[in-house]
Each structure stands twice: as structure tokens, then as C-alpha cells.
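Structural overview for review
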Amino acid sequence: MVIRKEHALALLNAKAQEEKGLSCQITIKAEEDPYVELELQNLLEQGTSPVEYVLTYWGRNLVYLLEEMIQKGLISHPSEWDERFRWIGSEVIAMIEAAINSGGLTGEETFEPLKKRGFAQETHEEKRGWFKEINDYARSIYEIYIKAKPRLVISKELASYISSMPTGPAETKMLPEHGRFPLILESMRLISFSVPNSDVYTLSGLGQAVQKTIQTMAPSLETVINEDYMYALLKVLDSGIDGLTAQEAEVLQELAFIDAEGNLLPGGENLLEVYRLWSERHYRPVKTFNLETLDQELLIGIEKVWEKNKTNPEIVPTAEEIVHYLMEKPLKEYKHLVEFYGRMINQAMGYQKKEELKKKWAELFNIEQLFKHFWEKGNQWYEKLYDTVKESLYSLESFNLITSELDEKTGKTVYKLTPHGKEVLKDIKEKGVREITATGVKAVTITKTEFGAPNYHWYEEAVKQHLVGGGYPTKSGQLYENLAYNIKRLPHLTRFELMVLHKIPEYGMFLDELFKEFDETLKEEVQYAVNKLEARYILDVLPNNGIVLTEPGKLIKKALSGVPEGIANPINPLIVRILQAIKQVGNLYVKERKVRILPRNWEEALKISGLDKETFEKEIAVARLAGFIGRTSIHESGLEILEAVELLNK
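In short, a report on the structure. Please read all numbers here as calculations on a predicted model, not as lab measurements.

What counts and what doesn't
- Residues numbered from 1 in each chain as written.
- Predicted model: local features only at pLDDT ≥ 70, side-chain atom pairs only at ≥ 80, totals over all residues.
- Heavy atoms only, no water.
- Buried < 20%, exposed > 50% of the residue type's maximum accessible area, 1.4 Å probe, protein only.
- Helix = DSSP H or I, 4+ residues; strand = E, 2+ residues; numbered from the N terminus.
- Pairing = 2+ DSSP bridges.
- Axes fitted to C-alpha atoms, helices over the stretch in contact; angles between N-to-C directions.
- Parallel < 35°, antiparallel > 145°, perpendicular 65-115°, else oblique.
- Contact = heavy atoms within 4.5 Å.
- Nonpolar A, V, L, I, M, F, W, Y, C, P; charged D, E, K, R; others polar.
- 1 Å grid on protein atoms, 1.4 Å probe; cavity = no way out; pocket = protein on both sides within 12 Å on 5 of 7 lines; lining within 4 Å.
- Points joined across faces, edges and corners; volume = space filled by probe spheres on them.
- Salt bridge = Lys/Arg side-chain N within 4 Å of Asp/Glu carboxyl O.

Turning our eyes to something else, we now look at the pairing of strand E9 (residues 200-203). Side chains Val200 and Thr202 of E9 all project onto a buried face; the interleaved residues Tyr201 and Leu203 project onto the opposite face, where all are buried too. Where strand E7 (residues 170-171) and E9 come together, two bridges link them in antiparallel fashion. In the strand pairing of E9, Glu171 is matched with Val200. In this structure, strand E8 (residues 191-193) lies alongside E9, joined through three bridges in antiparallel fashion. Within E9, the residue paired with Ser192 across the bridge is Thr202. Counted along the chain from E8 to the antiparallel partner E9, the turn is six residues long, and its residue Ser198 has a positive phi close to 60 degrees.

What follows is the structure, given as C-alpha cells:
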């Protein structure tokens, strides 16, 4: 949906004619464009002749709202608008939806753009003080958008434009110029622009499906896609080619949607996906992925240790052996880890030590010396290094990139790359070790939604991380997009991530407010914690920087609400595996919301978990501290974790 000056004036003209009992007649071809676009948006419809237009139910609602807003002084009359002012566009709908999901609050970033359009206000309440929120007009516009089903009509000329244009995300200034085609695409919801200033564009989920259809069909007629073609194709599915009229069969075959026997061709299969998105408007949720530099270094290390195993079967990738691998290389080969270790030291020791690390990096020779410098008391340096590696291993397993299992020969817990882990390792070898952030990956995944486009800084991160380039997701971008939706997630939170999660309500908080909950020197650390929580599908950062918990996130927060913040990795993949094993061998008591396990079944639970006894007992101790299990049962919080696991992977 897009309403600029010319569209608003056209709607007002149609209403004025309607009040006289007339249809709006367009006799000059040059004046027809905004009316055609409004018809595609289901705000106008043709009257008794092709040059007559009348308001639809939703168009009438929209123009009444506009007039009322003008009368109340919320917005000036359209005749006074700048020609390129976008009163409504995909970015405006995204801002309104983000505010609705934030409990009506706009946040700082989108307040002024919404207020400028008459959709936001500052409100004062005695208990809450001043706050910025959307008004009822914004909610009404959103309702019109949701309920006014657009048309879908693709001409041969428009198809050629769509087929050749980059899908995005890309900077809007790179959008190919061709008359009013971008406006026509937005009228049919085939293109989206970024919040708040439309700096980035992308073909929407429906737009990408249309592009794929065009690229696999034979666009030989003047109209290559429309609603009639889609309905005819449905007849083929229901009744075969015999259910079509001769003309319908001829058209579908000429456009290469079906063959002479009525079998679907690739173009036809893709057109069915277009129909599904257009009619059902059911899009996947926005998910993302995250990989820190140490995580990537450990993937490399696990492969290296397995290579050593070929010549020495005694060497296997246990946590201890991976620590040893890290200590083998000189520090100068780990420049990509400076920022990671800086954030870790800042959390533990403060900002001054973080700055000291940058100086020491050039002076010290290896990881061992580095950790000894900061944790030299007793043997604490090794314990800290081990814990750091262990935390990264938890993270890799939570993202389904590695798996830990019992090695029968040595009786130790070892780590193996999963097929997804091998894909990531291949990407690292091709593109190098670099941070893969949740916002960078989300710049790709958000494009498959109805009207989402990445914020400009999301897009910049994606470009920097080699996820987007030339107007398309790169091979790496496609990889991490696929991982975001295809990995099997397991919950994992570090000590600091738990502290951050404890501060976040279900909705209504914004990033800038979350930063203020911590010392200003921890802003970067908080941002990275949010990155991880978003990649784990515990929360979602909206285009207005609002933070909302996902459904599994709500369960995880509830389960961890009573967990002390001093526990390292209070929930991790190994604890989840143990909870799953106990549930499998135990008995569920529905009224008590507990699973009880008989003493004789603990050995079976150990076997099912796939862990060695020492690891099993260590993780059991942490699970008891966190309150997930007692001596003989899984508590309600433990069952909530297991329920969250199911939701994470739906």
C-alpha cells in the first residue's frame, strides 16, 4: 500500500464525486496512473466503464480517516504535501505494526516519522509519566491494510522489469528507474522499504515468489500473471485439465504453467506459491543466526583435532584438547579474537581491563600468556580459559553446528561437526573468520515477510559480513538464512545473557532503555547478548528497536526467573539433553507438573543422555542449582524448558 499526494487527492476526488451521486471519470490518460494504483490496492474499483472509478469499502474508510485527520490538524491537506511525501507506504505500515507489538509505544526512532504523518502523539499519565505512542488513526490504517486485499496483475512489460531487478536488500537509490513501476509494485505489495526513511528496498515475500514465477514461465501474453490464471490453475489441481475451458487451457499452456496433459510445469508450481502467499498471507516468522569469532575458531579446531586423530587415536576433540589447540598458535594469528576477549574481560573485570587487553595483545606471545596476565592467581588462568572454551562449545551445540557424544574408545565426551557445522566451516575457509551477527543475517531473512525490509544499519552489517552484495543475498547470506530456519535449536544462556534477559519484559522495552539498565561501558556487551538471544529465538528486535519476547522466550524467561545470576551457563544443551533423558525414563504427574524418576532409572538416563558420567554429574549439579530438577524429579521450570525446546523448533 502506498499513498502519496496524487493518491490522496484522487481519493478525495472520488469521494466528492460519490457525494454528487457520480462516478469519478478520468478522461486524460496522464491523470489515470494514481487511480490505477489505487485500484490495485483495493481502494478504488472500476465503475461501469474503464474510465470510471468508485471508492471501495476500504477506500471510503481511508478517505474518511484522512478528512478527519485534516480537520483535527493532525496533517495538512494533501494539496500542500510535497510530491514525493509518502503518507502511507510499506515502511509506515512496518512502523505502526512494530508499535502495536510494543504495546502501542513508538520508541524514539520512529516517533517523529509517525507524528509527521499524524499517527503518533505524546501522552502523559500520572503513574507512567510522558510516553510516545501511536494513536487510533494509526491502528485504523493498519486495520485497513490488513483487510484490504490487493489485486495481482502483472503485465508483460512489468514482468520484464521484475525479472531483471535485483531482489534486494539493496540501497533504494540502486532501484532501477522505470516510470511508475516501483509504485505499481508497492501497490500490489511486491516491494518493501526500510524503516524509517525507505533507505533500503527489497522485493517482499510475495514479490520474490512472483519474480521466481516469471523467471520459470513463458511470458508471451500481454498479461502474464493475474487472479484468473491462478484460479484456473486451481481447477487443474481439483479436476485435471478437463476442468478447464478451451481458452483457459490454451492460456495456461502458452504461459508454460502446464503441459498438454495438464501436468504442472515449474512456472505453474511457482504460481501456486504466489497464490498461497497472496490469498492466505501466511509468512514465516523472522528468525536469525549468530556466530562469534571464537565459535568459528573452535569449529576449525575440532576439525584439526580429528585430523590428528587419524595418526594418533588417543587424541580426540575433548574440551581439554580443544583448549590445547588454542594454545598452540601464536597470539598474532588470533587478531580476530581481540574484540571477543575484550567483551569477556569487560564483563568480568571492567572497562579499564578491556582497554589494557588491546595493549597487551601486541606484547604477549600466546593465549596462555594472555590468560595468565589477567587470571594469574593459582591455576585460575587455565580454569578461565577452559570455561571460555566450554561456553563457546555450548553455543555451537545450541545452534546445531556440533554435537557432543560419548567416545567408546576413550570413555570421554567428544565433539563432532554436524552437517550444518561442516557447511559453516566451508564458508569460514572461503570468506575468513568474521562475526556473523543476528542483525546482519536478519537483513536477509526479513525480506521473505509481507512488508519487511532491513533497517539501514542491519543492511550495512550484512554487507560488511559478506551476506549481501550487488543487490542480492550472497552465497554466505543464503547459507545463514537457511541455517536460521533449518537448525534444531537448544536453549543456552550465559551468565551475562541471563542478566540481560532478566531485565526484559514481554514487550514495551526498547534497546536504548535496555542499555540504560547497565553501566554505559557495557553497552557493546549488552548488544552482543541481545544478538545471541535473538539468534536463539528467545526475543525479537523490531524495526523500531523495540524488544519483544517470542513464545519460547516467554517460557524460558519464566523458567529462569528464580535462577541466581551468578551461575555460569544456567541452561545449556547438555542440561536439556539430561532433562529429556529423565523425562523419557521417568513418570509424569500432571497435577503436580513434575516428572519423577526412580533411583534405579538414573543409569538409564545417563545412557540416554549420551554423556560420560563426570559430565553428567556436573550438569546435574548446575540443573539443581538452577531449580530445574530435585533429587528425584524434574520440577515445573524444567518442564517449561522442554516445552520451550518444542516451540523453538516448530
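Back to the text.
Running from amino to carboxyl end, helix H15 (residues 338-349) crosses helix H25 (residues 523-535) at an angle of 110 degrees, the nearest separation of the two axes being 9 Å. As far as their axial angle goes, H25 and H15 are roughly perpendicular. Together, Glu339, Gly342, Arg343, Asn346 and Gln347 of H15 and Glu524, Glu525 and Tyr528 of H25 make up the contact between the two elements. Class assignment of the residues belonging to the contact of H15 with H25 gives a composition of one nonpolar, three polar and four charged.

This model, assessed by the stated rule, comprises two cavities of 30 Å³ or more. Taken as a whole, the largest cavity encloses approximately 70 Å³ of empty space. Classifying every residue of the lining of the largest cavity by side-chain character gives six nonpolar, no polar and four charged. Size it by volume and the second largest cavity reaches roughly 40 Å³. Taken together, Met1, Ser90, Tyr145, Glu186, Arg189, Ile191, Ser192, Glu450 and Phe451 form the lining of the second largest cavity. In the lining of the second largest cavity, the residues fall into four nonpolar, two polar and three charged.

This part covers the layout of surface pockets. Space inside the largest pocket adds up to approximately 1,200 Å³. Forming the boundary of the largest pocket are 44 residues, of which Asp387, Thr388, Lys390, Glu391 and Asn569 lie nearest the centre. Broken down by secondary-structure element, the contributors of at least two residues to the lining of the largest pocket are helix H13 (293-309), helix H14 (319-328), H15, helix H18 (380-398), strand E12 (413-417), helix H23 (495-503), H25 and helix H29 (613-625). In terms of residue count, the dominant contributor to the lining of the largest pocket is H18 (nine residues). Broken down by class, the residue content of the lining of the largest pocket amounts to 14 nonpolar, 12 polar and 18 charged.

Further remarks concern the sheet that holds strand E16 (residues 539-541). Two strands in a sheet stick together by hydrogen bonds in their backbones, pointing the same way (parallel) or opposite ways (antiparallel). Taken in spatial order, the three strands make up an open sheet running E15-E17-E16, and their pairing is antiparallel. Each having just a single partner strand, strand E15 (509-510) and E16 make up the two edges of the open sheet. Strand direction decides the pairing type here: E15 and strand E17 (residues 546-549), joined by two bridges, are antiparallel. Pairing of Phe510 across the sheet is with Gly546, part of E17.

Attention now goes to the pattern of salt bridges. As a working rule, side chains carrying opposite charge can pair if their charged atoms are close by. Counted under the stated rule, the structure contains 47 salt bridges. When the shortest N-O distance is used, the salt bridge between Glu143 and Lys147 registers 3.0 Å. Pair noted here: Glu143 and Lys147 are both in helix H6 (residues 136-147), with a separation of four residues, about one helical turn. The shortest N-O distance in the salt bridge between Arg577 and Glu397 comes to 2.8 Å. Highlighted residues: Arg577 in helix H27 (residues 573-585) and Glu397 in helix H18, separated in sequence by 180 residues. For the residue pair Arg577 and Glu397, the accessibility class agrees, reading buried in each case.

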